[in-house]
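Spelled out from the first residue to the last, the chains are:
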Amino acid sequence: MARIVISEFMDERAVAQLEAAHDVLYDPKLVGDAARLRAEAATADALVVRNLTQVRGELLAALTRCKVVGRLGVGLDNIDVPACEAKGMKVIPATGANALSVAEYVIASTMLLLRGAFASSAAVASGEWPRAALGNGRETAGQVLGIIGFGSIGQMTARLAQGLGMQVIAYDAMLPPGAAVFAQTGVRQSGLDELIAGADAITLHVPLVDSTRGLFNTARIAQMKKGAVLINTSRGHIVDIEAAAAALKAGRLGGAAVDVFDVEPLPASASLRDCPNLLLTPHISGVSAQSNERVSFMIADKILESLS
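Residues numbered from 1 in each chain as written. Predicted model: local features only at pLDDT ≥ 70, side-chain atom pairs only at ≥ 80, totals over all residues. Heavy atoms only, no water.

## So, the pattern of salt bridges
Reasoning step 1: Scanning the model with the defined rule gives 12 salt bridges in all.
Reasoning step 2: Residues Glu293 and Arg13 are paired through a salt bridge, measuring 3.1 Å at the closest nitrogen-oxygen approach. Of the two residues, Glu293 sits in helix 12 (residues 289-307) while Arg13 sits in helix 1 (residues 12-19), which places them 280 residues apart along the sequence.
Reasoning step 3: A relative accessible area of 49% means that Arg13 is categorised as partly exposed. (Salt bridge = Lys/Arg side-chain N within 4 Å of Asp/Glu carboxyl O. Helix = DSSP H or I, 4+ residues; strand = E, 2+ residues; numbered from the N terminus. Buried < 20%, exposed > 50% of the residue type's maximum accessible area, 1.4 Å probe, protein only.)

## Section: the packing of aromatic side chains
Reasoning step 1: The final tally for this structure, using the stated rule, is one aromatic pair.
Reasoning step 2: Aromatic side chains Phe150 and Phe182 sit 5.2 Å apart centroid to centroid with 5° between the ring planes, which places their arrangement in the stacked category. Taken as a pair, Phe150 in the loop between strand 6 (144-148) and helix 7 (152-163) and Phe182 in helix 8 (residues 180-185) lie far apart in primary sequence, 32 residues in all. The residues Phe150 and Phe182 share a single accessibility class, namely buried.
Reasoning step 3: When the ring centre of Phe9 is taken as reference, the NZ or CZ atom of Arg50 above it lies at 3.7 Å. (Phe/Tyr/Trp six-rings, centres within 6.5 Å; stacked < 30°, edge-to-face > 60°. Lys NZ or Arg CZ within 6 Å of the ring centre and 35° of its normal.)

## Thoughts on unusual backbone geometry
Reasoning step 1: Geometrically, the link from Glu264 to Pro265 is a cis peptide bond, its omega value of 0° lying close to zero.
Reasoning step 2: Inspection of the secondary structure assignment puts Pro265 in the loop between strand 11 (255-258) and strand 12 (278-280).
Reasoning step 3: A positive phi angle, close to 65°, is found at Asp274, a residue other than glycine.
Reasoning step 4: Tracing the backbone shows Asp274 in the loop between strand 11 and strand 12.
Reasoning step 5: In this structure Asp274 comes out as exposed when scored by relative accessible area, which is 75%.
Reasoning step 6: Look at Asn277: it is not a glycine, yet its phi comes out positive at around 55°.

## Quick word on the pairing of strand 6
Reasoning step 1: Most of strand 6 sits inside the fold, with five of its five residues counted as buried.
Reasoning step 2: Burial of strand 6 is two-sided: the residues Val144, Gly146 and Ile148 facing one way and the residues Leu145 and Ile147 facing the other way are all buried.
Reasoning step 3: In terms of strand pairing, strand 6 meets strand 7 (residues 167-171) through five bridges, oriented parallel. Counterpart to Leu145 in the pairing with strand 7 is Val168.
Reasoning step 4: Since strand 6 and strand 7 lie parallel, the crossover through helix 7 that links them has a hand, and here it is right-handed.
Reasoning step 5: Judged from the four bridges that link them, strand 6 and strand 9 (residues 201-204) form a sheet pairing that is parallel. Across the sheet, Ile148 pairs through a bridge with Leu204, a residue of strand 9. (Pairing = 2+ DSSP bridges. Right-handed = clockwise from strand over helix to strand, strands pointing away.)

## Digging into the sheet that holds strand 10 (residues 229-232)
Reasoning step 1: Taken in spatial order, the seven strands make up an open sheet running 8-7-6-9-10-11-12, and their pairing is parallel. The two strands at the open ends of the sheet, each matched to only one other strand, are strand 8 (188-189) and strand 12.
Reasoning step 2: Relative to strand 10, strand 9 runs parallel, the two sharing four bridges. Looking at the pairing, Ala201 lines up with Val229 of strand 10.
Reasoning step 3: Running over the sheet, helix 7 touches strand 6, strand 7 and strand 9 and is turned about 175° from strand 6. (Contact = heavy atoms within 4.5 Å. Axes fitted to C-alpha atoms, helices over the stretch in contact; angles between N-to-C directions.)

Here's what the structure looks like:
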């Protein structure tokens, strides 16, 4: 019987599946106690994490008998994958399991920001009637959605957008010109600069690597179509959120939805408070009741397979 340590939240039915076969420590608060996490890691044959647990440095050194790390999500920037593999540890992300949840978040945010009318409840309830000010919102159909990063999440987002009548273009640095996936999905392949200049809404689905760090800085945001909206569900360091806020306040950027941040939880920021047309959410685009179930059971199955 192997020992499995789960340091962040997981569907409890998937936890029970693991407990039926192995010795399991499940404590969603364990990630917040670094000393205890290292101590428990020393006896772990498998470690299951989300995005907060940093599998590197002292924690990685403590994993002396671990065979597999399961990631309840797809981003791997919190895991030193080469170092894990050098120690003979397999790293398993939940590829594709939360794609629909993220794609729906992107589409919902795009519709909210393009229309611009859904933050009026307090004004209307207080007796104001901002009908003229809010009557110039844009319909989603016919707008151009630019997708940067055309993996499983980008492709799912494209399908939902096409269902709403949006035109979809995509850029992916890892895909060669004429890659079959573009014809298969009916999405036009685009260069990065062309996409940024021509899209009415831009959504990011790229990993955090050297080439994407600071990808949307002040200069690149200035290259966007006036009034376009920007949605980031990838990683915080990819978008300079202060630059985005400044562009929103200047009326250059039409809206932004940000689900991921350089530091999480996001520290209080005066520049973000009362910023117009800005949606902030606490890294939940990929988390829904259904996606948590899919992600959890996928990782549970793969952990059991790896330990068998």
